[in-house]
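# An overview of the molecular structure
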Amino acid sequence: MKIKMTFFQKVKFIVGNGTSTRFWKDTWLGDTPLALQYPLLYNIAQRKEDYISMVLQSVPLNMQFRRALVGARWDAWLHLVRRLMQVQLSNHTDNVRWILAANGVFSVKSMYLDLINTGTLSRSLKIWNIKVPLKIKVFMWFIHKGVILTKDNLIKRRWRGRSNCCYCEQNETIRHLFLQCPLAKLLWRTIQIAFNIVPPTCISSIFTTWLNGVDVKISKLIGIGICALFWAIWNTRNDITFNGKNFNNFLQVIFRATSWIRTWSLLSHVDSRGRMDIGCNRWEMVARVIFNRFGWRANNRLGV
Ligand SMILES: [Zn+2]
């Protein structure tokens, strides 16, 4: 909801006939919605969802307030009316312009940069500095916020499927899928053996304290790996849950992750690319050894 609100504040409405632009809540006169420019009036307005055409259809203006317009409210009202007198409705339909881009066209990137710069997204989150594609950062941010559509969240939205994890039979939550599922534990175990990295204890620590004390360059590389791991767990889960694909074993997830890490390494400085490739080889090798010795069932012994 907060995001939606932010989105509409970044759209400027070019008013034509005023039938699809909300008087108080859309940005059309000035750089912010009138609700923000005139809070004293907005708070006592009776119909906060009215469109411009409804408000401006008559003289005096078609607007009722719950309280008398006195004092500061009266001053604000005069100020607003003076500006509204300049507005001319036309026969054209209303149009929108995305105010964050010079060409007025919406893009994810401009919205993302704005969310970061206005503090709607926490800048301190390490995820924003990691060299992965933007959609992966947003995916990770959704995990951090606890809003990706794992089955517990789907059910809250009246989804009628089963709530079980596709890798085991427990209930699927974000914490379960990425940390506590036997598959997740086994994957984390391969990382621990390959790189001597202790798995995080909870989802929120991944984004905050988990890699404290680790060299910054190394922790950024680990961050890329974790993004790939989570993205691989998620996409494999989607394939199984929604596309009817079979799950063979955990190598499937790891090879998927390493293939993304190799692709994403092009976003990193050339010095880091070699290290990332070595890291991928190492992870795959450890995973193969574990698989060859213990098979998928090893999850019960190694992962837990
Ligand atoms: Zn599970």
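Residues numbered from 1 in each chain as written. Predicted model: local features only at pLDDT ≥ 70, side-chain atom pairs only at ≥ 80, totals over all residues.

An unreviewed UniProt entry annotates the chain as Reverse transcriptase zinc-binding domain-containing protein originating from Hordeum vulgare subsp. vulgare.

## Some remarks on the overall build of the chain
Put simply, the rule reads: Numbering goes from the N terminus for both helices and strands, where a helix is a DSSP run of H or I of at least four residues and a strand is a run of E of at least two. Counting other C-beta atoms within 10 Å of a residue's own tells you its class, since 20 or more makes it buried, 12 or fewer makes it exposed, and anything in between is partly exposed; those C-beta atoms are placed from the backbone. Any residue pair is listed as a contact if its two C-beta atoms, each placed from the backbone, are within 7 Å.
If you tally the helices and strands in the chain, you get 15 helices and two strands. For the chain, buried positions account for 26% of its 304 residues. Of the contacts made within the chain by residues no fewer than 6 positions apart, 59% connect residues no fewer than 24 positions apart.

## Re the environment of Asn91
Within the secondary structure, Asn91 sits in the loop between helix H5 (72-84) and strand S2 (95-98). For Asn91, a count of 6 C-beta atoms within 10 Å puts it in the exposed group. Residues Asn91 and Gly18, 73 residues apart in the sequence, show an inter-C-alpha distance of 9.1 Å.

## What about helix H12 (residues 216-243)?
Just so we agree on the cut-off: For a helix, the expected span equals 1.5 Å multiplied by the residue count minus one.
Over its 28 residues, H12 runs 39 Å from end to end, which matches the ideal 40 Å to within 8%, given 1.5 Å per residue. Directly beyond the C-terminal end of H12, a positive phi value near 65° is found at Gly244.

## Here's the deal with the confidence of the model for the chain
So the rule is basically this: Per-residue confidence from the prediction method is given by pLDDT, with values spanning 0 to 100.
Summing up the model confidence of the chain, the mean pLDDT is 84 and the portion of residues at 70 or higher is 84%. Overall, residues 300-304 carries pLDDT values under 50, and its contacts beyond four positions in sequence, including any with other chains, amount to eleven contacts.

## Some points on the environment of Ile218
With respect to the helices and strands, Ile218 occurs in helix H12. Given 13 C-beta atoms within 10 Å, Ile218 falls into the partly exposed group. Spatially, the C-alpha atom of Ile218 lies 9.5 Å from that of Ser272, the residues being 54 residues apart in sequence.

## Considerations on the nonpolar core
In a soluble, globular protein the nonpolar side chains are often hidden away together inside. Formally: We define the nonpolar core as any set of buried residues of the types Ala, Val, Leu, Ile, Met, Phe, Trp, Tyr and Cys, connected via C-beta atoms lying within 7 Å of each other.
Leu187, Ile224, Cys227, Ala228 and Phe230 are the most contacted members of the largest nonpolar core, which totals 45 residues. If you list the elements that add at least two residues to this core, you get helix H7 (134-145), helix H9 (174-180), helix H10 (182-195), H12, helix H13 (250-264) and helix H14 (270-294). With ten residues, H12 is the largest single contributor of residues to this core. The residues touching Ile224, leaving out its near neighbours within four places in the chain, are Ile130, Lys131, Val132, Ile261, Trp264 and Met276. Counting residues in hydrophobic clusters, the runner-up holds ten residues, among them Phe23, Trp24, Leu34 and Val55.

## A few points about the packing of H10 against H14
Stated precisely, the cut-off is as follows: Axis definition: a line fit to C-alpha positions, over the contact stretch in the case of helices; interaxial angles, taken between N-to-C directions, run 0 to 180 degrees. Put simply, a crossing is left-handed when the front helix is turned counterclockwise from the back one by less than a right angle, and right-handed when it is turned clockwise. All residues other than Ala, Val, Leu, Ile, Met, Phe, Trp, Tyr, Cys, Pro, Asp, Glu, Lys and Arg, Gly among them, are scored as polar; the first ten of these are nonpolar and the last four charged.
Two numbers describe how H10 lies on H14: the axes approach to 9 Å, and their chain directions differ by 120°. Relative to H14, the crossing made by H10 is right-handed. From H10, Thr190, Ile191, Ile193 and Ala194 reach across to H14, where they touch Arg282, Trp283, Val286, Ala287 and Ile290. Taken together, the residues that form the contact of H10 with H14 break down as seven nonpolar, one polar and one charged.

## A short note on the packing of H13 against H14
We count it as follows: Working definition: roughly parallel below 35 degrees, roughly antiparallel above 145 degrees, roughly perpendicular at 65 to 115 degrees, and oblique for all remaining angles.
Across the interface, H13 lies against H14 with an axial gap of 10 Å and an inter-helix angle of 175°. For the element pair H13 / H14, the angle class is roughly antiparallel. Here Leu251, Ile254, Phe255, Thr258, Ile261 and Arg262 of H13 lie close against H14, whose contacting residues are Met276, Asp277, Cys280, Trp283, Glu284, Ala287 and Phe291. A class-by-class count of the residues in the contact of H13 with H14 yields nine nonpolar, one polar and three charged.

## Remarks on unusual backbone geometry
Peptide bonds are mostly trans, and most non-glycine residues show a negative phi. The phi dihedral of Asn196 is positive, around 60°, even though this residue is not glycine. Inspection of the secondary structure puts Asn196 in the loop between H10 and helix H11 (203-206). By C-beta crowding, Asn196 is classed as exposed, having 7 other C-beta atoms within 10 Å.

## Points about the environment of Trp28
In this fold, Trp28 is placed in the loop between strand S1 (11-14) and helix H2 (34-37). Trp28 gets classed as buried once you count the C-beta atoms within 10 Å, which come to 20. C-alpha of Trp28 to C-alpha of Ile52: the two residues are 24 residues apart in sequence and 9.6 Å apart in space. Apart from residues lying up to four places away in sequence, Trp28 is in contact with Lys12, Phe13, Val15, Thr21 and Ile52.

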